[in-house]
Amino acid sequence: MGRTAISAPEAPQPIGPYSPAVRDKGAGLLFVSGQTPIDPATGELVDGDVGTQTQRVFANLKHVLGAAGCTLADVIKVNVYLISMADFAAVNEVYATVFEAPYPARTTVAVAELPLGARVEIELVAR
Ligand SMILES: C=C(N)C(=O)O
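Residues numbered from 1 in each chain as written. Predicted model: local features only at pLDDT ≥ 70, side-chain atom pairs only at ≥ 80, totals over all residues. Heavy atoms only, no water.

In the annotation of an unreviewed UniProt entry, the entry for the protein chain reads Rid family detoxifying hydrolase, and the organism field reads Ornithinimicrobium faecis. UniProt, in its Sequence similarities (unreviewed entry) section for the protein chain, records the words "Belongs to the RutC family." (UniProt positions renumbered as here; feature names shortened; annotations may be inferred.)

This next bit is on the overall build of the protein chain. Each helix and strand in the protein chain was counted, giving two helices and eight strands. In terms of overall size, the protein chain behaves like a compact globule, its C-alpha atoms giving a radius of gyration of 14 Å where 127 residues would be expected to give roughly 14 Å. The principal-axis extents of the C-alpha atoms in the protein chain amount to approximately 40 × 35 × 25 Å. A buried classification covers 39% of the 127 residues belonging to the protein chain. Within the protein chain, contacts between residues at least 6 apart in sequence are counted, and of these 67% link residues at least 24 apart. Surface accessibility of the protein chain: about 6,700 Å² in total, with carbon and sulfur atoms responsible for 52%. Both charge centroids of the protein chain, one from 9 positive and one from 13 negative side chains, sit 10 Å from each other. (Helix = DSSP H or I, 4+ residues; strand = E, 2+ residues; numbered from the N terminus. Rg over C-alpha atoms; globule rule 2.2 N^0.38 Å. Buried < 20%, exposed > 50% of the residue type's maximum accessible area, 1.4 Å probe, protein only. Contact = heavy atoms within 4.5 Å. Areas by Shrake-Rupley, 256 points an atom, 1.4 Å probe, with all protein chains shown as cover. Lys, Arg positive; Asp, Glu negative; His and termini not counted. Charge placed at Lys NZ, Arg CZ, Asp CG, Glu CD.)

As a further point, take the sheet that holds strand β1 (residues 3-6). Within a sheet, adjacent strands bond to each other through the backbone by hydrogen bonds, running parallel or antiparallel. Spatially, six strands are ordered β1-β2-β3-β8-β6-β7 in an open sheet, and the strand pairing comes out mixed. With one partner strand each, in any of the chains shown, β1 and β7 (105-110) form the two edges of the open sheet. In this sheet, adjacent strand axes meet at a mean angle of 15° when their direction is disregarded. Bridge count between strand β6 (residues 75-82) and strand β8 (residues 120-126): seven bridges; the pairing is antiparallel. Bridged to Y81 within β8 is E121. Along the sheet face, helix α1 (residues 50-67) touches β1, β2 (21-24), β3 (29-35), β6 and β8 and points at about 30° away from the line of β8. Running over the sheet, helix α2 (residues 88-98) touches β6 and β7 and is turned about 150° from β6. (Pairing = 2+ DSSP bridges. Axes fitted to C-alpha atoms, helices over the stretch in contact; angles between N-to-C directions.)

Put into structure tokens, the structure is as follows:
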């Protein structure tokens, strides 16, 4: 199997049957599962607005990337899921503090719902 699961003890544990990240050795890519704003200390969503939620999501993503020996500088593609495009500007504000140009490619979509009632979920591809 070309799939190597990455476990990330400092990140929230998966809330379903998936791995925090999977490395594809052949392609040299790391696929990081969508992170929601779960506080790993409590296992619950952080209190606060979408900006606070986005900060928590990136903290979680950094833990998963770190467990795979990667950083945000290794990220090439980002998928952002929101429950409302009214949150787009607030998410971009946080996003611009965590990535530097040249920015990864990115897609942002609004969906009907996210797990646990989160306002934002973000997944990554890194190399
Ligand atoms: C939170 C997730 N990544 C999921 O449920 O797929």
